[in-house]
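One-letter residues, chain by chain:
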Amino acid sequence: VAPARFETAYAELERAVYEARRVSTVIAPLLGLGLESEMSELALAGGLSLVRGDALADAPVQAVWSEGGDGSEEEPNVLAVLTIVQERGAPSPVALARSRFDRLLSAVRLFEPGGYVLGPIGWTRRDDGPWRQFALGSSVRPGVETLIEASHEDELRGFFNLVTKRAPASGELAWALARFEMGSERVVPLEALTDYLLALRALLEPEGQASGKLAPRLAALCAPPDERTALAQRVGHAILLERAVITGLEEDHAMPEQIDALVDELGRHLGALLRDVVCGHLEPELRQVADRLRAQVGSTDTAAAAHASAAETLG
């Protein structure tokens with residue numbers, strides 16, 4: 001085939017292929033997360049990436065800067081960006097983006113504790129067309145920004161890919177992960193207390209709450225031997241505080257900052273357990289692992305002491 005004819009035929013084929021397809025982009029602010037200034041983009045997998053808002057050409061101003069910001073005194077938002085190639089006539093990728101962004105948010109929460117939320121509005125466009133808004137996140141305000149350093153780029157990328165492949169779709173672990181997500185979305189930390197306790201009970205206390213085994217098992221998994229009693233006492237306090245919340249008496253027994261710190265600690269322990277199981281660092285049968293750890297150090301059951309101490313504190 002003559003070179004000229006080949007080039008002409010290849011150009012026609014290329015034009016036919018690309019004219020039948022379009023590039024769709026969906027973006028959403030991931031609030032509470034920051035990227036170091038020298039790391040403008042963190043590519044993940046499957047067309048998904050995290051991008052500093054000021055590094056994304058033509059991004060809507062409302063997406064790049066928080067409400068009221070003009071970029072003069074604050075850092076730009078980090079944007080979750082999904083870019084996919086679709087056949088023309090294919091449905092909008094917004095539904096796919098919601099799912100991918102939720103999975104990304106879950107991975108970030110497990111990777112590094114923090115108050116991360118998706119912004120309430122996302123944007124999508126096809127090829128170089130105009131951006132169009134769609135409702136996305138909740139009204140929950142993000143926590144203090146957590147900065148992802150450039151040195152952790154590969155670690156976060158690998159963790160996201162691992163979580164994407166290994167996150168459970170059903171069973172106790174999937175249910176506990178869902179409750180963890182619910183707790184992370186609560187406006188008031190105290191409202192997350194039951195979410196975290198329910199998730200921990202599913203993982204560590206199948207015998208039922210009356211068994212009193214949650215506190216010592218969690219302590220065995222999340223504290224060194226000389227700190228287990230103290231942690232078990234705090235978990236016992238949280239269990240009794242949950243009951244006080246149900247009856248409307250919690251304000252009589254603890255300062256708000258103490259309650260927030262206790263709930264935050266439970267969430268961090270739950271997130272750490274979920275992360276280690278998903279990554280394969282811990283066996284899924286966490287209660288059995290906890291019982292083995294307690295037996296190895298000859299520990300006694302601290303549940304009664306934990307409840308007694310918590311009762312004295314609340315009483």
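Quick notes on the rules
Residues numbered from 1 in each chain as written. Predicted model: local features only at pLDDT ≥ 70, side-chain atom pairs only at ≥ 80, totals over all residues. Heavy atoms only, no water. Helix = DSSP H or I, 4+ residues; strand = E, 2+ residues; numbered from the N terminus. Buried < 20%, exposed > 50% of the residue type's maximum accessible area, 1.4 Å probe, protein only. Contact = heavy atoms within 4.5 Å. Areas by Shrake-Rupley, 256 points an atom, 1.4 Å probe, with all protein chains shown as cover. Phe/Tyr/Trp six-rings, centres within 6.5 Å; stacked < 30°, edge-to-face > 60°. Pairing = 2+ DSSP bridges. Salt bridge = Lys/Arg side-chain N within 4 Å of Asp/Glu carboxyl O. Expected span 1.5 Å × (residues − 1). Polar contact = N/O pair within 3.5 Å; in protein donor to acceptor, adjacent residues only side chain to side chain.

Trainee: Which residues make up the overall build of the chain, and what values go with them?
Mentor: Per the secondary structure count, the chain includes eleven helices and nine strands. The burial tally for the chain puts 43% of its 315 residues in the buried class. Expressed as a percentage of contacts within the chain between residues at least 6 apart in sequence, the contacts between residues at least 24 apart total 69%. Only carbon and sulfur atoms are counted for the fraction: they give 52% of the accessible area of the chain, which is about 16300 Å².

Trainee: Can you lay out the packing of aromatic side chains for me, pointing to particular residues and giving the numbers?
Mentor: For the structure shown, the criterion picks out two aromatic pairs. With 5.6 Å between their ring centres and 50 degrees between their planes, F111 and F159 make a pair best called tilted. Residue F111 is found in helix α3 (residues 94–111), and its partner F159 is found in helix α4 (residues 153–166); the two are separated by 48 residues along the sequence. The residues F111 and F159 share a single accessibility class, namely buried.

Trainee: Quick rundown of the pairing of strand β5 (residues 78–87)? Include the residues and the values.
Mentor: Judged by how many residues are buried, β5 sits mostly within the fold: seven of ten residues are covered. As paired strands, strand β4 (residues 48–52) and β5 are joined by five bridges and run antiparallel to one another. In the sheet register, L50 faces β5, and the bridge partner there is A80.

Trainee: Lay out the pattern of salt bridges in plain terms, naming residues and giving numbers.
Mentor: Per the counting criterion, the structure on display carries 18 salt bridges. A salt bridge links D154 to R157; its shortest N-O distance comes to 2.8 Å. Pair noted here: D154 and R157 are both in helix α4, with a separation of three residues, about one helical turn. One network of salt bridges, with partners in common, ties together E207, K213, R217, D291 and R294.

Trainee: Break down unusual backbone geometry for me, with residues and values.
Mentor: Notably, D58 is not glycine yet its phi reads approximately 65 degrees, a positive angle. Position of D58 among the secondary structure elements: in the loop between β4 and α2 (61–64). Backbone geometry at D127 places phi at a positive 50 degrees, although glycine is not the residue there. Secondary-structure assignment places D127 in the loop between β7 (121–126) and β8 (132–135).

Trainee: Break down helix α6 (residues 193–204) for me, citing the residues and quoting the values.
Mentor: Compared with the 16 Å implied by 1.5 Å per residue over twelve residues, the 16 Å span of α6 between its first and last C-alpha is a close match. The buried fraction of α6 is high, at ten of twelve residues. For α6, every residue scored as buried is listed here: L193, D195, Y196, L197, A199, L200, R201, A202, L203 and L204. Of the surrounding secondary structure, the elements contacted by the buried residues of α6 are α5 (172–184), α7 (214–222), α8 (228–247), α9 (256–278) and α10 (286–296).

Trainee: Give me the side chain of T25: which residues, what numbers.
Mentor: Here T25 lies in strand β1 (residues 21–31). Owing to a relative accessible area of 12%, T25 belongs among the buried residues under this scheme. Leaving out residues up to four positions away in the same chain, T25 has contacts with V81, L82, T83, W123, T124, R125 and W131.

Trainee: Outline α3, listing residues and values.
Mentor: Relative to the 26 Å expected for 18 residues at 1.5 Å per residue, α3 spans 25 Å between its end C-alpha atoms, a close match to the ideal helical length. Within the span of α3, buried status applies to V94, A97, R100, F101, L104, L105, S106, A107, V108, R109, L110 and F111.

Trainee: I'd love a proper account of the environment of T146, names of residues and values included.
Mentor: Relative to the helices and strands, T146 resides in strand β9 (residues 146–148). Note on T146: relative accessible area 16%, which makes it buried. Residues T146 and L33, 113 residues apart in the sequence, show an inter-C-alpha distance of 5.0 Å. Discounting residues that sit within four places of it in the chain, T146 has contacts with G32, L33, G34, E112, P113, G114 and Y116. Polar contacts involving the side chain of T146 include one to the side chain of Y116, which spans 3.5 Å.

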